[in-house]
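# A structural walkthrough
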Amino acid sequence: MERRAMRGALAVWASVAIVTLLSVEVTTQGRPAEQCSLAVVTRMAGSKEQVCDNKVVQDLAKRGHVFEQNQLGMASVLAIGPDFNEKEALRWFEQAAQKGYAPAQVNLAAMYINGWGTPTNYGAALRWLHAAADQKLARAYYNLGILYLQGKGVVQDNAEAFRWFQKGADAGDSDAQTNLGYMYDQGLGCEHNVKTAADWYRKAAEAGNPLGENNLADLYLRGDGLRQDNAEAFRWFQKAAVQGNTGARIKLGYLYAEGLGTEKDRQAAFEWITAASLAGDQRGRDLGAKLEAQLTAKQIAEGRARAHDLQRDGGLQLSAKAFAQ
């Protein structure tokens, strides 16, 4: 169960659960107070923005309001409702991006990189990301860092990836903070420094970033760069696990199974590891099978039901937050 900020578990480049993947923008930049969001997008993303019904948002978007255009683009990517789809998302993002709305420029770049509603086009993606970066948008810095780290549309360059992650981290983007921590953790584009990595992981974790929480927890569990502390490891793994991070779910299951930082609870361990497996992460499979052999039929049934609930709730939270306002 190694600690890795760059898991690459999904084939697409939209930030759904993993920080390696290109993420859409969630800022409120440049939005007048009277503008409002789609109710379903606001509710799913946990936003406190003023809510309007679909008809009002559609009307404002058609009249050229960039925030509402971006809202409809997000709803289209999430496939909320029968009239939303990738091509519609592309159309709304393009309209807002061409008016200079930086969040839509980042979202449009994500569409080009994913090939959503359009053929993959890294050149166009880079152009829109740089346009948003010129407006000092932290999310654009982060996404440019990902492109350089992965060598997508550019020559792979850890030093350049580090530079963009640093800019994003300094601007407060928690995904950039997590990846900057990882760069220090692994000595990529910079000198290896686990204590500095821990500082950046903590900043991200305190902002509620699930991968930052997971990586900080792992440092506590290993006593790497921090004083070893099972209780702190448990606390941070639990926070990340609730948000759907599968690595954290497996490690939380391990802590429950061993009674580290918490009371031993085999059923709870089974629930968390099963939830990770349902999300496609099979790294806890052997431990899960061992735990299942120690549980009653009733405990297994209850554990599987709870795991399905955890997977459903965690997956929705993560995908929605990627498209928050």
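Scroll up for the structure.
A short tour of the structure in this document, coming up. (Residues numbered from 1 in each chain as written. Predicted model: local features only at pLDDT ≥ 70, side-chain atom pairs only at ≥ 80, totals over all residues. Heavy atoms only, no water.)

Our focus in this paragraph is the packing of helix H14 (residues 266–278) against helix H15 (residues 285–292). At their nearest, the axes of H14 and H15 sit 9 Å apart, and the two run at 145° to each other. The way H14 lies across H15 gives a crossing that is left-handed. Counting all contacts with H14, which are made through Arg 266, Ala 269, Phe 270 and Ile 273, the residues of H15 involved are Leu 287, Gly 288, Leu 291 and Glu 292. Each residue belonging to the contact of H14 with H15 can be placed in one class, and the counts come to five nonpolar, one polar and two charged. (Axes fitted to C-alpha atoms, helices over the stretch in contact; angles between N-to-C directions. Helix = DSSP H or I, 4+ residues; strand = E, 2+ residues; numbered from the N terminus. Left-handed = near helix turned anticlockwise from the far one by under 90°. Contact = heavy atoms within 4.5 Å. Nonpolar A, V, L, I, M, F, W, Y, C, P; charged D, E, K, R; others polar.)

For the coordinates displayed, the defined rule picks out four aromatic pairs. Note on Tyr 142 and Phe 165: the rings are 6.1 Å apart at their centroids and 35° apart in plane angle, and the pair reads as tilted. Of this pair, Tyr 142 sits in helix H7 (residues 138–150) while Phe 165 sits in helix H8 (residues 158–170); the two residues are 23 residues apart in sequence, bridging distant segments of the chain. Taken as a pair, Tyr 142 and Phe 165 share a single burial class, namely buried. (Phe/Tyr/Trp six-rings, centres within 6.5 Å; stacked < 30°, edge-to-face > 60°. Buried < 20%, exposed > 50% of the residue type's maximum accessible area, 1.4 Å probe, protein only.)

With respect to the element layout, Tyr 182 can be found in helix H9 (residues 174–186). For the pair Tyr 182 and Thr 196, spaced 14 residues apart in sequence, the C-alpha separation works out to 9.7 Å.

This paragraph deals with the pattern of salt bridges. The final tally for this structure, using the stated rule, is 11 salt bridges. Its salt-bridge partner being Lys 251, residue Asp 218 comes within 3.1 Å of it at the nearest N-O pair. One end of the pair, Asp 218, is in helix H11 (residues 210–222); the other, Lys 251, is in helix H13 (residues 246–258), with 33 residues separating them in the sequence. Residue Asp 218 shares its accessibility class with Lys 251, and that shared class is buried. What emerges from the salt-bridge pattern is a single network uniting Arg 139, Asp 173 and Asp 175. (Salt bridge = Lys/Arg side-chain N within 4 Å of Asp/Glu carboxyl O.)

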